[in-house]
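Residues per chain, in single letters:
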Amino acid sequence: MTRSIWPWLRLLGGAGILAVLLWRLGTGAFLDGLRVLDLPALFVAFTIGVVTTVFSAWRWCLVARGLGLRLGLRGAIADYYKALFLNAALPGGVLGDVDRAVKHGRDEGDVGRSVRAVVLERTAGQIVLIGVGVAVLLSVPSPVLTLLEQHGAVAAVVCAGIAAAAVLVLLACRKLRQGGSKVAAGVRTGLAEIRTGLLARRNWPGITLASTVVLLGHLATFVVAARAAGSSASLLRLAPLMLLALLAMSLPLNIGGWGPREAVTAWAFGAAGLSATQGLTTAVVYGVFAFVAAMPGAFVVVARAVRPLSVDHSVRVAAPVSPAPAMYVSSPQRELARTGA
């Protein structure tokens, strides 16, 4: 029951956020996000998208190979582009990742391990994003730093609670790892795959490098979007705002990636002394840039849909089926006819 309700809650949450933004800021900011687009900006965003997709696919290859799965870079790039397109075009924002995990798992004969490889690959990117985001938000003047200064006691309590919860989770995992239940076996498997997929000496430098390049690519795309939206703020002033928007994109309440990103960007720009409308326009431009950067995935979808049809047609042309005389029916066919199958 919960599994069937959760996707709808995600969609309703994203739709509700967009509805509030339309109510408070009007449609002008959304329409401005389309009016300010031009070919040079789209080309720059597309080029940045190529770089981030290649490094994301390489990160996936490293994690998958660390778990003992075969995954070539060329195929990983195509699958990643397809996943990005499906994430952007379909509600939920994760269906593309599910598709590439299941497809790779079926190819390798181990769907479960392939799904865990995708989860670890995405987790690696989130770890780098959270690490950089926290460091920047706590050191560079931003609305978050202002809130922390005004409500330091509350922030300290929240941080202490998070730290205590993390310790409890670690202790629970340690205790479960020593048990003999299925949950304990799952915990042991998960920890072992984290060690081999993410933390192995041959893997973690490449994964960290790839995640850093991907993060820089997303930040660069946000800068291009902000400039297209008319913002002349310095990079130092924009950096914490953009990191907040990227962190908001991780929230599981969106429609194809739209929702929390636009709300947080509008709030952050307004709280930083910039225009909230300009922040929303920047987020809309970024969303369009992300969709354009994922467009090669549409060609992957079409090519893979057409390929089975063309292969089937070529087989039929090369080996046309013609009715055979009864006296030349092969023995397996005679056996099937005799048994009535």
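Fair warning: this is a prediction, and the values are worked out from it, not measured in the lab.

Colleague: Just to check I follow, could you spell out the overall build of the protein chain for this structure?
Modeller: Summing up its helical and strand segments, the protein chain has 15 helices and zero strands in all. A buried classification covers 36% of the 341 residues belonging to the protein chain. Contacts in the protein chain between residues at least 24 apart in sequence constitute 70% of all its contacts with a sequence separation of at least 6.

Colleague: Quick question: what am I supposed to make of helix α6 (residues 111–139) here?
Modeller: The terminal C-alpha atoms of α6 lie 42 Å apart, and with 29 residues this matches the ideal 42 Å at 1.5 Å per residue to within 8%. Among the residues of α6, Ser114, Ala117, Val118, Leu120, Glu121, Ala124, Gly125, Val128, Leu129, Gly133, Val136 and Leu137 are the ones counted as buried.

Colleague: When you look at a nonpolar patch on the surface in this model, what are you seeing that I'm missing?
Modeller: Taken together, the side chains of Leu90, Val94, Leu95 and Val98 define a hydrophobic patch exposed on the protein surface, amounting to about 290 Å² of accessible area. One can find leucine 90 in the loop between α4 (73–89) and α5 (95–108). Note on leucine 90: relative accessible area 34%, which makes it partly exposed.

Colleague: Help me understand the nonpolar core in this model?
Modeller: Among soluble globular proteins, nonpolar side chains are generally buried collectively. Leu215, Leu238, Leu241, Leu246 and Phe289 are the most contacted members of the largest nonpolar core, which totals 30 residues. Taken together, the elements giving at least two residues each to this core come down to α3 (39–66), α6, α10 (204–228), α11 (235–248), α12 (260–271) and α13 (276–293). Broken down by element, the residue count for this core peaks at seven residues, all from α11. Leaving out residues up to four positions away in the same chain, leucine 238 has contacts with Ala226, Arg227, Ser231, Ala233 and Phe269. Cys61, Leu62, Val63 and Leu69 belong to the second largest nonpolar core, which has 18 residues in total.

Colleague: Can you walk me through the environment of tryptophan 60 in this structure?
Modeller: Of note, tryptophan 60 is situated in helix α3. Considering only alpha carbons, one finds tryptophan 60 and glycine 197, 137 residues apart in sequence, at a separation of 9.8 Å. Residues in contact with tryptophan 60, not counting those within four places in the same chain, are Leu71, Ala76, Asp79, Tyr80, Arg100, His104, Val118 and Glu121.

Colleague: How should I be thinking about the pattern of salt bridges in this particular structure?
Modeller: When the charged atoms of two side chains lie near each other, side chains of opposite charge can form a pair. Inspection of the entire model under this criterion finds 12 salt bridges. The salt bridge partner of lysine 82 is aspartate 99, with a shortest N-O separation of 3.2 Å. Residue lysine 82 is found in helix α4, and its partner aspartate 99 is found in helix α5; the two are separated by 17 residues along the sequence. With relative accessibility at 14%, the residue lysine 82 sits in the buried group.

Colleague: Can you help me understand the packing of α10 against α11 in this one?
Modeller: Packed helices, taken two at a time, are described by the angle between their axes plus the distance between the axes. Two numbers describe how α10 lies on α11: the axes approach to 10 Å, and their chain directions differ by 115°. By the angle between their directions, the pair α10 and α11 is classed as roughly perpendicular. When you trace α10 past α11, the crossing you get is right-handed. Residues Leu215, His218, Leu219, Phe222, Val223, Ala226 and Arg227 of α10 form the contact with α11, whose own contacting residues are Leu235, Leu238, Met242, Leu243, Ala245 and Leu246.

The rules behind the values
Residues numbered from 1 in each chain as written. Predicted model: local features only at pLDDT ≥ 70, side-chain atom pairs only at ≥ 80, totals over all residues. Heavy atoms only, no water. Helix = DSSP H or I, 4+ residues; strand = E, 2+ residues; numbered from the N terminus. Buried < 20%, exposed > 50% of the residue type's maximum accessible area, 1.4 Å probe, protein only. Contact = heavy atoms within 4.5 Å. Expected span 1.5 Å × (residues − 1). Patch = residues over 30% accessible without salt bridge, like charges linked within 9 Å, V, L, I, M, F, W, Y side chains within 5 Å. Areas by Shrake-Rupley, 256 points an atom, 1.4 Å probe, with all protein chains shown as cover. Salt bridge = Lys/Arg side-chain N within 4 Å of Asp/Glu carboxyl O. Core = buried A, V, L, I, M, F, W, Y, C linked by side-chain atoms within 4.5 Å. Axes fitted to C-alpha atoms, helices over the stretch in contact; angles between N-to-C directions. Parallel < 35°, antiparallel > 145°, perpendicular 65-115°, else oblique. Left-handed = near helix turned anticlockwise from the far one by under 90°.

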